[in-house]
Amino acid sequence: MDGYGDFATARAGHLYRSACLLTAGDTHLAEDLVQETLGRVYVRWGRVSRADNPAGYAQTVLTRAFLAHQRRRSSTERSTAVFPELPAAGADDPSLRLTLLDALARLPAKDRAVIVLRYWEDRSVRETADAMNVSSAAVRTRCVRALARLRELLGEELGEYAVP
């Protein structure tokens, strides 16, 4: 398919980083989600390639695949405790990065998805709502609750990182 290989090569790293955040560092699940996402995009590539934002479509597929996985998952067991090296904007402190990933891991899946989409992906409320297949009001409510929970988990010293 024309252009799919270039698209997949260019977007795979970004999708993987987003998947790692969504899964709170479960690199094996992140790889599976990216593979599933790229497979679904491939099947619809003829239509997706003509869309205004194929990267946004892929990100939405990734988010929905993650949420579907969380709904059907029968266990909360994690396959690994090793976190991937993620680039942090302006922060080279590995302990801070691990602390933030640990706090994200303690959030419910939908709250984690809202935080990643709104603040990591820098999506609007409407775009986040569309990706998660919920209303804008639900996204705003989840954002407020998820940020409050992050502040609670991070404590006063690190609570400033949970401010949008």
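Parameters at a glance
- Position labels on residues start from 1 in each chain and follow its written sequence.
- Since the coordinates come from a predicted model, pLDDT governs what is reported: local features require at least 70, and pairs of side-chain atoms require 80 or more to be given and counted, while whole-chain, interface and lining totals use all residues.
- Computation of side-chain values: all heavy atoms of the structure, hydrogens and water removed.
- Every helix listed is a DSSP run of H or I at least four residues long, and every strand listed is a run of E at least two residues long, numbered separately from the N terminus.
- A simple rule labels every residue: compare its accessible area, found with a 1.4 Å probe on the protein chains alone, to the largest value its type can have, and call it buried under 20%, exposed over 50%, or partly exposed in between.
- For accessible areas, the Shrake-Rupley method is used with a probe of radius 1.4 Å. Any residue's cover is judged against the shown protein chains and nothing else.
- Here a Phe, Tyr or Trp ring, Trp counted by its six-membered ring, pairs with any other such ring whose centre lies within 6.5 Å, and the pair is stacked when the planes are under 30 degrees apart, edge-to-face when over 60, and tilted otherwise.
- Look at NZ for Lys and CZ for Arg. If either is within 6 Å of the ring centre and within 35 degrees of the ring normal, a charge sits over the ring.
- A residue's pLDDT is the predictor's confidence in that residue, given on a scale from 0 to 100.
- Whether two residues touch is decided by their heavy atoms; if any such pair falls within 4.5 Å, the residues are in contact.
- Buried Ala, Val, Leu, Ile, Met, Phe, Trp, Tyr and Cys residues form a nonpolar core when they are joined through side-chain atoms within 4.5 Å.
- The axes are straight lines fitted to the C-alpha atoms, using for helices just the contacting stretch, and the angles between their N-to-C directions are given from 0 to 180°.
- Orientation categories follow fixed angle ranges, with anything under 35 degrees roughly parallel, anything over 145 roughly antiparallel, 65 to 115 roughly perpendicular, and all other angles oblique.
- By definition, any crossing whose near helix is turned counterclockwise from its far helix by less than a right angle is left-handed, and any crossing with a clockwise turn is right-handed.

1. Examining the overall build of the protein chain
When helices and strands are counted, the protein chain shows 8 helices and 0 strands. Each helix and strand of the protein chain, placed in order from N terminus to C terminus, yields the pattern α-α-α-α-α-α-α-α. The 164 residues of the protein chain split such that 43% are buried. When the accessible area of the protein chain is evaluated, it comes to approximately 9200 Å², of which 50% is carbon and sulfur surface.

2. Observations regarding the packing of aromatic side chains
The relation between two aromatic rings is expressed through the spacing of the ring centres and the mutual angle of the planes. By the definition in use, this model includes 3 aromatic pairs. A ring pair is formed by tyrosine 4 and tyrosine 42, whose centres lie 5.0 Å apart and whose planes are at 70 degrees; its orientation type is edge-to-face. Remark: tyrosine 42 occurs in helix H2 (residues 27-43) and tyrosine 4 occurs in helix H1 (residues 4-22); sequence separation between them is 38 residues. The exposure class of tyrosine 4 is buried, given its relative accessible area of 13%. For the ring pair tyrosine 4 and tryptophan 45, a centre distance of 5.5 Å and an interplane angle of 75 degrees mean the geometry is edge-to-face. One end of the pair, tyrosine 4, is in helix H1; the other, tryptophan 45, is in helix H3 (residues 45-48), and 41 residues separate them in sequence. Taken together, the aromatic side chains of Tyr4, Phe7, Tyr42 and Trp45 make up a single cluster linked through ring pairs. A cation over a ring is seen here: arginine 118 above tyrosine 119, with NZ or CZ 5.5 Å from the ring centre.

3. Considering the confidence of the model for the protein chain
Overall, the predicted model of the protein chain reaches an average pLDDT of 82, with 81% of residues at or above 70. Contacts from residues 86-90, a stretch scored under 50 in pLDDT, to residues over four places away or in other chains number 8 contacts.

4. What to know about the side chain of aspartate 111
Tracing the backbone shows aspartate 111 in helix H6 (residues 109-120). Judged by relative accessible area, which is 10%, aspartate 111 ranks as buried. Once residues within four sequence positions are removed from consideration, aspartate 111 is found in contact with Arg142 and Ala146.

5. Side note on the nonpolar core
By size, the foremost hydrophobic cluster in this structure holds 42 residues, and its most contacted members are Val41, Phe66 and Ile115. Mapped onto this core, the elements with two or more residues apiece are H1, H2, H3, helix H4 (54-72), helix H5 (94-105), H6, helix H7 (125-132) and helix H8 (136-158). With 8 residues, the top contributor of residues to this core is H1. The residues touching isoleucine 115, leaving out its near neighbours within four places in the chain, are Leu104, Leu107, Trp120, Ala146, Leu147 and Leu150.

6. Some thoughts on the side chain of threonine 60
Within the secondary structure, threonine 60 is located in helix H4. Taking the relative accessible area as the measure of exposure, threonine 60 reaches 18% and is therefore buried. Contacts of threonine 60, omitting those with residues within four sequence positions, involve Arg123 and Ala131.

7. Some words on the packing of H6 against H7
Closest axis-to-axis distance for the H6/H7 pair is 10 Å, and the angle between their directions is 135 degrees. Judged by the angle between their axes, H6 and H7 are oblique. In this structure, H6 meets H7 at a crossing whose hand is right-handed. Listed contacts from H7 to Lys110, Ala113, Val114, Leu117 and Arg118 of H6 are Val125, Thr128, Ala131 and Met132.

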